[in-house]
Structure formats: C-alpha cells, structure tokens
Amino acid sequence: MKIGVLALQGDFLEHQKILESLSVAIKQVRLSADLNGLDGLIIPGGESTTIGKLAVDFGLMDPLRTFAQDHAVWGTCAGSILISKDARRVQPLLEIMNIKVDRNAFGRQVDSFEIDLEIPALEKVSQENPPFHAIFIRAPLIEDVGSSVKVLAKLPNGKIVAAQQEKWLATSFHPELTTDDRFHRYFLEMIR
Ligand code: GLN
C-alpha cells in the first residue's frame, strides 16, 4: 500500500511520520505524476486558500478530482475544507465530498482548543476505543452533510467535526498532531 500526502503547504510531515510509523510507504505529492500508483491521498491541515491556490498553480486541481473518483481521500482541517463542495466563500475547492463547511467557525487562532471526543467508528481499529484527543486549530465546522454522508464525530454542542462519504473522510481537527494513530489506521482500513 502506498499513500500520498499533498505536500504544498501545511503539516504534511506530521501525517508522513504517522504513516511511516505504521510501515506504510508514502509519497509527497506536488505534481500530478506523483499521484500515479497511489492507493489513497491525505490533504493536510494548513491554510486552505494557500493550498488551493498552489494546487491551481501546480495544475493539480483536475488530477486530484480525477484521483478522488476512484481512490480514498482524507482531509484534515484545511484539507477538509479543500475536499468540501461548499465553503461559503470563493476559493479553489476540489468539491469531492458532499459537505458544507464553515471556515474558522470557532474564531481566531487564540480560540483554538483541544477536547476528548467519543468516536464509535474507531471501534473498527481499536477494541477499547477510548475517547480521541481532538486538536482544533482555527478549525472549520462541518455545517451540513449530504444524505450519503455518515457523521463520525460531534462536539458536545452537536456540531459535526468528522464525516465520511464512502471512501472520503473529513476531520475538522488534527489527528496528525497527536500520537494516537487510530484515525490513520481507520483510513488505511477504508482503503483495504
Ligand atoms: N483556518 C484554516 C483554513 O481555513 C485551517 C486551519 C488548519 O488547518 N489548522 O484554511
């Protein structure tokens, strides 16, 4: 199995490290040719407008959309914005997943926070399945999901922060910034 990590901007190295610790081969993706032979792709956290503009400049938008048609894609934070169909403003979006996101929904950088979340879906990769320590850094909320989208995690106030549509996964928070590899293993299971 070989997983690509979109490496234009953001915390792609953190994803890479977790995948390497799981003995998964990885490829940093900067050009469309880098997508050849990959089984899945992670779009990291960072700044979604910047990643989107670079993806346009690098001619990656259409190759990424084509790749997503028959491969698993996971977006964390800024990545979840990029794969959404609607981010309520004009910016380059891949429009892969049928979710609407609200960027910077919690406010400014200083309003970033961490919280333990119950995520039943992770039972697939963890028998005991303790709460997942979720890190939100100027994060988006998933405001609305289409009918084929499964909600995986909510905040105590009921707001959606993780969702899956078949082979596509979106998390508003950053599993790559923790030492908990359950979401990465869940993504690998989705591919298998
Ligand atoms: N605020 C960023 C955006 O809207 C996302 C932040 C992050 O990825 N931690 O793109």
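All values derive from a computational prediction rather than experimental measurement.

### Observations concerning the packing of aromatic side chains
Thought 1: This structure, assessed with the given rule, holds ten aromatic pairs.
Thought 2: Each ring, one from F106 and one from F136, has its centre 5.7 Å from the other, and the planes form 65°; the classification is edge-to-face. Of the two residues, F106 sits in the loop between strand 6 (97-102) and strand 7 (113-117) while F136 sits in strand 8 (residues 132-136), which places them 30 residues apart along the sequence.
Thought 3: Looking at F136, the relative accessible area reads 1%, which means it is buried.
Thought 4: Considering the side-chain rings of F113 and F136, the 4.6 Å spacing of their centres and the 5° angle between planes classify their relative orientation as stacked. Of this pair, F113 sits in strand 7 while F136 sits in strand 8, placing them 23 residues apart in sequence.
Thought 5: Among the aromatic residues, those joined into a cluster by ring pairs are W74, F106, F113, F132, F136, F173, F183, Y186 and F187.

### Structural notes on the layout of surface pockets
Thought 1: Considering only enclosed or pocket space, the largest pocket measures out at about 190 Å³ in volume.
Thought 2: Lining of the largest pocket is provided by 13 residues; of these, G46, E47, N104, I137 and R138 occupy positions nearest its centre.
Thought 3: A breakdown of the residues in the lining of the largest pocket according to their chemical character gives four nonpolar, six polar and three charged.

Cut-offs applied
Residues numbered from 1 in each chain as written. Predicted model: local features only at pLDDT ≥ 70, side-chain atom pairs only at ≥ 80, totals over all residues. Heavy atoms only, no water. Phe/Tyr/Trp six-rings, centres within 6.5 Å; stacked < 30°, edge-to-face > 60°. Helix = DSSP H or I, 4+ residues; strand = E, 2+ residues; numbered from the N terminus. Buried < 20%, exposed > 50% of the residue type's maximum accessible area, 1.4 Å probe, protein only. 1 Å grid on protein atoms, 1.4 Å probe; cavity = no way out; pocket = protein on both sides within 12 Å on 5 of 7 lines; lining within 4 Å. Points joined across faces, edges and corners; volume = space filled by probe spheres on them. Nonpolar A, V, L, I, M, F, W, Y, C, P; charged D, E, K, R; others polar.

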